[in-house]
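Chain residues, written in single-letter form:
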Amino acid sequence: MTQLLLKKARIFDGWHADCAENMQVLVADGRIQEISQGPIKIADDARVIDASGLTLMPGMIDAHVHAFASDVAVARVEALGEAYRAAYATRMLNHALQCGFTTVRDVGGGNYSLYRALADGLIAGPRYFYAGRILSMTGGHGDMRQLEERPRYYSACACGDGPLANSFSVLADGVDECIKSAREELRQGAHCIKIMGSGGVLSPTDPIWMNQYREDEIRAIVNECTERRSYVAAHCHPASAVRRCVEYGVRSIEHGTLIDDDTAEFVARHGAFIVPTMAVCFALVETGRKLGLPSESQEKVEQIAREAISGLDRMRRAGVDVCYGTDLLGSTHVQQCREFTIRREVFSPLELLRQATSTPAEMMLMQGQIGCVAPGAHADLLLVEGDPLKDISVLAADGQFLRLIVRGGEVVKDRMS
Ligand SMILES: [Zn+2]
């Protein structure tokens, strides 16, 4: 890989509003090697890029995606099969990269196979972290069976009482099954374990307000992850679910849509993170019906969308560490940058920039490695036209204002000449 020298750069490092000006940044072997105000010694064949007038910032992180969610209705995702899902993932991941997301965390359905395809360069996409299959209790948010379907103890097959799985979740009940499922996912390279901590939109039989999993089940899963130096992410809408999951050791709360002030404060005090997902809420409210979202899901999403913005404001006031996440499904994945546009009603540009860089990096236990411009970090970098610290809309335009995108030291978008 040829060396890359970015000169005369103004740098947003992932944390600080005061950007260093006129800096030189050397990229080699996939990493940021050196950042200096003075001249840097480079190889003869190094590429030199004049970054004057542009803002250099870390590649962004979307901490809540589903690369295989090729449709808004889970039943159709299953029916269309693996090849279709893989084709969708290819398109979705490539789009994410071109929008400036050099890292995504797939919190449901992602697997080693897709990770490996990206790592081997078979497809272009962001750095890929995955939680594997989501652990759900029977009748929980991962249980996609319709109300009228027979329970699994009537299964014709002799092995019918084993765990039930679809592309995104596995049903695990009781401490023993939870431990076994968590270990299976971790064995297959899952970077963290995701659980369904409350009811959700897409599942047909569980109400949104319902807390899911018992304390001993959640604590057992947290313990497995801690031993693996990993962590647990939990899907939670109601405040009660958020609170108990954080109390039992969950690090990353997904959605948190119906949070209240006390719970937001509790989360902040315990140093947990929340990944709100506004883009999917708004996209489904607008287009869910047209895209064939089942009617019970449509009602649920309209209910939580009404609370979504005030929930964000509660998180901001309590000082919660908030991460960028979108959770988009099917054809709505193209709205990935819209999350900025929705959140700017509540957060400042600096807060939004941190949400998409240093904060999710810390949440993912990757601090100093991704989501920052610092020596030794992965060279995931963007050169942005304009100043995102003044006007976040330059990051909300589907990559239009990104002149250069570098992922792992490799230029993946180049509009510098
Ligand atoms: Zn999700």
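Residues numbered from 1 in each chain as written. Predicted model: local features only at pLDDT ≥ 70, side-chain atom pairs only at ≥ 80, totals over all residues.

Focus on the overall build of the protein chain
Selection criterion: For helices the rule is a DSSP run of H or I covering at least 4 residues; for strands it is a run of E covering at least 2, with both sets numbered from the N terminus onward. The atom set for the radius of gyration is the C-alpha atoms, and the globule formula is 2.2 Å times the number of residues raised to the power 0.38. Partly exposed residues are those whose C-beta has more than 12 but fewer than 20 other C-beta atoms within 10 Å; with 20 or more the residue is buried, with 12 or fewer it is exposed, and the C-beta atoms are placed from the backbone. Remark: residues whose backbone-derived C-beta atoms lie within 7 Å of one another are considered to be in contact.
Counting its secondary structure elements, the protein chain contains 11 helices and 18 strands. For 417 residues, the compact-globule formula gives about 22 Å, and the C-alpha radius of gyration of the protein chain, at 21 Å, lands near that figure. Projected onto its principal axes, the C-alpha coordinates of the protein chain cover approximately 70 × 45 × 45 Å. Counting the 417 residues in the protein chain, one finds 54% classified as buried. Partitioning the contacts of the protein chain with sequence separation of at least 6, the portion at a separation of at least 24 is 70%.

Some remarks on the environment of Ile 123
Here Ile 123 is to be found in the loop between helix H2 (112-119) and strand E8 (127-130). It is 31 Å that separates the C-alpha atoms of Ile 123 and Asp 387, two residues lying 264 residues apart in sequence. Those residues in contact with Ile 123 that lie beyond four places of it in its chain are Thr 90, Leu 93, Ala 117 and Leu 118.

As for the sheet that holds strand E6 (residues 60-65)
Quick reminder of the rule: Pairing between strands requires that DSSP locate at least two bridges from one strand to the other. To get an axis, fit a line to the C-alpha atoms, keeping to the stretch in contact for a helix; angles then go from 0 to 180 degrees between the N-to-C directions.
Taking strand neighbours across the sheet as the criterion, the three strands line up as E6-E7-E8 in an open arrangement whose pairing is parallel. In this open sheet, the two edge strands, each paired with only one partner strand, are E6 and E8. Neighbour to neighbour, the strand axes of the sheet diverge by 20 degrees on average, direction disregarded. Relative to strand E7 (residues 101-106), E6 is paired through four bridges, and the arrangement is parallel. Across the sheet, residue Asp 62 finds its bridge partner in E7, namely Val 104.

Points about the packing of helix H6 (residues 261-269) against helix H8 (residues 295-318)
Inclusion rule: An angle below 35 degrees is treated as roughly parallel, one above 145 as roughly antiparallel, one from 65 to 115 as roughly perpendicular, and anything else as oblique. By the definition used in this description, the sense in which the near helix is turned from the far one sets the handedness, with an anticlockwise turn below a right angle giving left-handed and a clockwise turn giving right-handed. Residues were grouped as follows: Ala, Val, Leu, Ile, Met, Phe, Trp, Tyr, Cys and Pro as nonpolar; Asp, Glu, Lys and Arg as charged; and all remaining residues, including Gly, as polar.
Where H6 contacts H8, the two axes come as close as 9 Å, and the packing angle between them is 45 degrees. When the axes of H6 and H8 are compared, the pair comes out oblique. Between H6 and H8 lies a crossing whose hand is right-handed. For the pair formed by H6 and H8, the contact residues are Asp 261, Ala 264, Glu 265 and Ala 268 on the first element and Arg 314, Met 315 and Ala 318 on the second. A class-by-class count of the residues in the contact of H6 with H8 yields four nonpolar, no polar and three charged.

Examining helix H5 (residues 239-247)
For an α-helix the count is 3.6 residues per turn, leaving residues at separations of three or four pointing the same way. Counting buried positions along H5 gives seven out of nine residues, so the element sits mostly inside the fold. Turning to H5, its buried residues number three or more, namely Ala 239, Ala 241, Val 242, Arg 243, Arg 244, Cys 245 and Val 246. A positive phi of about 110 degrees marks Gly 249, the residue just after H5.

A word on helix H4 (residues 215-227)
How we decide: In this scheme, a helix's expected span is set at 1.5 Å multiplied by one less than its residue total. Relevant arc is that of directions from the helix axis to the C-beta atoms, nothing else.
In a regular helix each residue adds 1.5 Å, so 13 residues correspond to 18 Å; H4 covers 18 Å between its end C-alpha atoms and thus fits that length. Within H4 the residues assigned to the buried category are Glu 217, Ile 218, Ile 221, Val 222, Glu 224 and Cys 225. Take H4 and look down its axis: the buried residues cluster within an arc of 155 degrees, on one side only. Facing away from the buried side of H4 by more than 90 degrees, the exposed set consists of Glu 215, Asp 216 and Glu 227. Buried residues along H4 sit in contact with strand E9 (134-136), helix H3 (174-187), strand E11 (193-196), strand E12 (232-238) and H5.

A word on the pairing of strand E5 (residues 54-58)
Along E5, five of the five residues are buried, which leaves the element largely enclosed by surrounding structure. Taken together, the two bridges between strand E1 (residues 4-11) and E5 define a ladder with parallel strand orientation. Paired with Arg 10 across the two strands is Thr 55, which belongs to E5. Note: E5 against strand E16 (residues 381-385), five bridges, orientation antiparallel. Among the inter-strand pairings, Met 57 is bridged to a residue of E16, identified as Leu 382.

A short note on the domain arrangement of the protein chain
The cut-off we apply is this: Per the annotation, domain bounds derive from an automatic or database assignment of domains.
Here the protein chain is partitioned into domain 1 (4-59 + 372-414) and domain 2 (60-336). The gap between the C-alpha centroids of domain 1 and domain 2 is 32 Å. Where the side of domain 1 that touches domain 2 is concerned, the elements lending two or more residues are strand E17 (402-407) and strand E18 (410-414). Top contributing element to the side of domain 1 that touches domain 2 by residue count: E17, with three residues.

A few points about the environment of Ser 297
With respect to the element layout, Ser 297 can be found in helix H8. Taking the C-beta count within 10 Å as the criterion, Ser 297 has 19 such neighbours and is therefore assigned partly exposed. C-alpha of Ser 297 to C-alpha of Thr 359: the two residues are 62 residues apart in sequence and 31 Å apart in space.

Quick look at the nonpolar core
Stated formally: The term nonpolar core means buried Ala, Val, Leu, Ile, Met, Phe, Trp, Tyr and Cys residues held together as one set by C-beta atoms within 7 Å.
Ranked by internal contacts, the top residues of the largest apolar core, which has 137 residues, are Leu 56, Ile 193, Ile 195, Ile 221, Val 232, Cys 245 and Ile 253. Here this core takes eight residues from helix H1 (residues 74-98), the largest share from any one element. In this structure, this core is formed jointly by two domains, domain 1 (4-59 + 372-414) and domain 2 (60-336), each of which donates at least three residues. Each residue touching Cys 245, except ones within four places of it in the same chain, is listed here: Gly 197, Ile 218, Ala 234, Cys 236, Val 250 and Ile 253.

Considering the packing of helix H7 (residues 278-291) against H8
Packing of H7 against H8 leaves a shortest axis separation of 9 Å and a crossing angle of 135 degrees. With respect to each other, H7 and H8 are oriented oblique. The two elements H7 and H8 cross, and the hand of that crossing is left-handed. Facing H7, whose interface residues are Met 278, Cys 281, Phe 282, Leu 284, Val 285, Gly 288 and Arg 289, H8 presents Gln 298, Val 301, Glu 302, Ile 304, Ala 305 and Ala 308. Among the residues making up the contact of H7 with H8, the classes are represented as nine nonpolar, two polar and two charged.

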